[in-house]
Amino acid sequence: GMSHMGRVFVYDLETGKLKDMIVVDADPSEIIFSKNEKYALVACGESSFINIIDIGTKKIIKQIKVDPNPNNVWAGFDDNIFVENSLRKTLNIIDLNTFKVIDFIDFDFIPGFMVYNELNREIWICSKSDDNVYIYRKENDKWVKTSTFGSSGGPHMIAFFDDFFKALLINQFENTAIIIDSKTKKEIKKITTSDKPNGIAVWE
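Predicted model, so just to flag it, every value in this text is computed and none were measured. (Residues numbered from 1 in each chain as written. Predicted model: local features only at pLDDT ≥ 70, side-chain atom pairs only at ≥ 80, totals over all residues. Heavy atoms only, no water.)

K.L.:
Talk me through the overall build of the protein; I want residue IDs and the actual numbers.
P.N.:
Of the regular secondary structure elements, the protein holds 0 helices and 18 strands. Relative to a compact globule of 204 residues, whose C-alpha radius of gyration would be 17 Å, the protein shows 17 Å and is just as compact. C-alpha extents for the protein along the principal axes are approximately 45 × 45 × 30 Å. Counting all 204 residues of the protein, 47% fall into the buried class. Summarising the internal contacts of the protein: among those between residues at least 6 apart in sequence, 32% fall at separations of at least 24. Surface exposure of the protein reaches about 11,000 Å², of which carbon and sulfur atoms provide 50%. Positive and negative charge centroids in the protein, built from 25 and 30 side chains respectively, lie 2 Å apart. (Helix = DSSP H or I, 4+ residues; strand = E, 2+ residues; numbered from the N terminus. Rg over C-alpha atoms; globule rule 2.2 N^0.38 Å. Buried < 20%, exposed > 50% of the residue type's maximum accessible area, 1.4 Å probe, protein only. Contact = heavy atoms within 4.5 Å. Areas by Shrake-Rupley, 256 points an atom, 1.4 Å probe, with all protein chains shown as cover. Lys, Arg positive; Asp, Glu negative; His and termini not counted. Charge placed at Lys NZ, Arg CZ, Asp CG, Glu CD.)

K.L.:
Describe in detail the pattern of salt bridges, supporting the description with residues and values.
P.N.:
What the rule picks out here adds up to 6 salt bridges. When the shortest N-O distance is used, the salt bridge between K128 and E84 registers 3.0 Å. A residue pair is termed long-range when its members are at least 10 positions apart, and K128 in the loop between β12 (122-127) and β13 (132-139) and E84 in strand β8 (residues 80-85) qualify at 44 residues. By relative accessible area, K128 is classed as partly exposed at 49%. (Salt bridge = Lys/Arg side-chain N within 4 Å of Asp/Glu carboxyl O.)

K.L.:
Tell me what's going on with the nonpolar core, and back it up with residues and numbers.
P.N.:
Ranked by size, the top nonpolar core spans 28 residues in total, and within it F82, L91, I123, W124, Y136, W143 and I158 carry the most contacts. Residue assignment for this core shows that the elements contributing at least two residues are β9 (90-95), β11 (111-117), β12, β13, β14 (142-150), β15 (155-161), β16 (166-171) and β17 (176-181). Setting aside residues up to four positions removed in sequence, L91 forms contacts with F82, V83, N85, D103, F104, I105, F107, M114 and I123. (Core = buried A, V, L, I, M, F, W, Y, C linked by side-chain atoms within 4.5 Å.)

K.L.:
Go over the sheet that holds strand β7 (residues 72-75), please, and point to the residues and values.
P.N.:
Judged by pairing direction, the sheet is antiparallel, and its 4 strands sit side by side in the order β7-β8-β9-β10 without closing on themselves. Each edge of the sheet is formed by a strand with only one pairing partner; in this case those strands are β7 and β10 (100-106). The average angle at which neighbouring strand axes cross in this sheet is 25°, direction not considered. Bridge count for β8 against β9 is 6 bridges, and the pairing is antiparallel. Counted as the bridge partner of N85 is T90 from β9. (Pairing = 2+ DSSP bridges. Axes fitted to C-alpha atoms, helices over the stretch in contact; angles between N-to-C directions.)

K.L.:
Can you tell me about the packing of aromatic side chains, naming the residues and giving the values?
P.N.:
We describe a pair of aromatic rings using the distance from one ring centre to the other and the angle between the two ring planes. With the rule as written, the count across this model stands at 10 aromatic pairs. Among the aromatic side chains, those forming a connected cluster through ring pairs are F77, F82, Y116 and W143. (Phe/Tyr/Trp six-rings, centres within 6.5 Å; stacked < 30°, edge-to-face > 60°.)

K.L.:
Please give an account of the sheet that holds β14 that cites residues and values.
P.N.:
Within the open sheet, the 4 strands sit side by side as β11-β12-β13-β14. Their pairing is antiparallel. In this open sheet, the two strands that pair with only one neighbour each are β11 and β14. Taking each pair of neighbouring strands and ignoring which way they run, the sheet shows an average axis angle of 25°. The pairing of β13 with β14 spans 8 bridges and is antiparallel. In the sheet register, I135 faces β14, and the bridge partner there is S147.

K.L.:
Could you give me a rundown of the pairing of strand β18 (residues 187-192), with the residues and numbers involved?
P.N.:
With 5 bridges connecting them, β17 and β18 associate as antiparallel partners. Bridge pairing in β18 links I178 to K190. In this antiparallel pair of consecutive strands, β17 and β18, the connection spans 5 residues, and K185 shows a positive phi of 65°.

K.L.:
Go over the pairing of strand β6 (residues 59-65) with me, naming the residues and quoting the values.
P.N.:
Regular strands show a simple pattern: their side chains alternate between the two faces of the sheet. Relative to β6, strand β5 (residues 49-54) runs antiparallel, the two being bridged by 6 bridges. The partner of N51 across the bridge, within β6, is Q63. From the end of β5 to the start of β6, which pair antiparallel, there are 4 residues, and K58 there has a positive phi angle of about 65°.

K.L.:
Can you explain unusual backbone geometry? Please cite residues and give values.
P.N.:
In this structure, K58 is a non-glycine residue whose phi angle is positive, near 65°. On the secondary structure map, K58 appears in the loop between β5 and β6. Even without glycine at this site, K196 takes up a positive phi of about 50°. With respect to the helices and strands, K196 occurs in the segment after β18.

Given below as structure tokens:
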């Protein structure tokens, strides 16, 4: 419930009935689950906290301070998660073992969706400032921009497949999906989609 009176609503999948209502910080905008399925992770923009909810008890067990006005929380690597901060143009990385921010990246563009490529040890980030996907890799304990994939028409979301050798990128305003070689960063194929594609689900 994205409002000043922040709420997370839990519904029964079979009946559609409301099971629980969890009070969280102001303006929750995104929720994901941890890989071990123990926690729900909620980005709360106005408070600038990530709320950690125990899935079993439906109780908040930790509130983690991040950069102001976090927009989204995304799956990261290992036991980490990514927190997108469009206002400050930053990324915070949170370790779910310690519940602490352990790393960050400052950008010269407005970040959007971000995802980790395990094969190449890279973070791919859709830019809200221009039609590019920027790729970062950690070198000498610092995240550096190593390459850029020029897209068009609003790069919106990325998913990897074929053991991370290929990426699927959707362009929301161009109504296309692009298959990319994750090693060379070259376009393999462009596919026309229906109007304003908004998400990707990949299974193999």
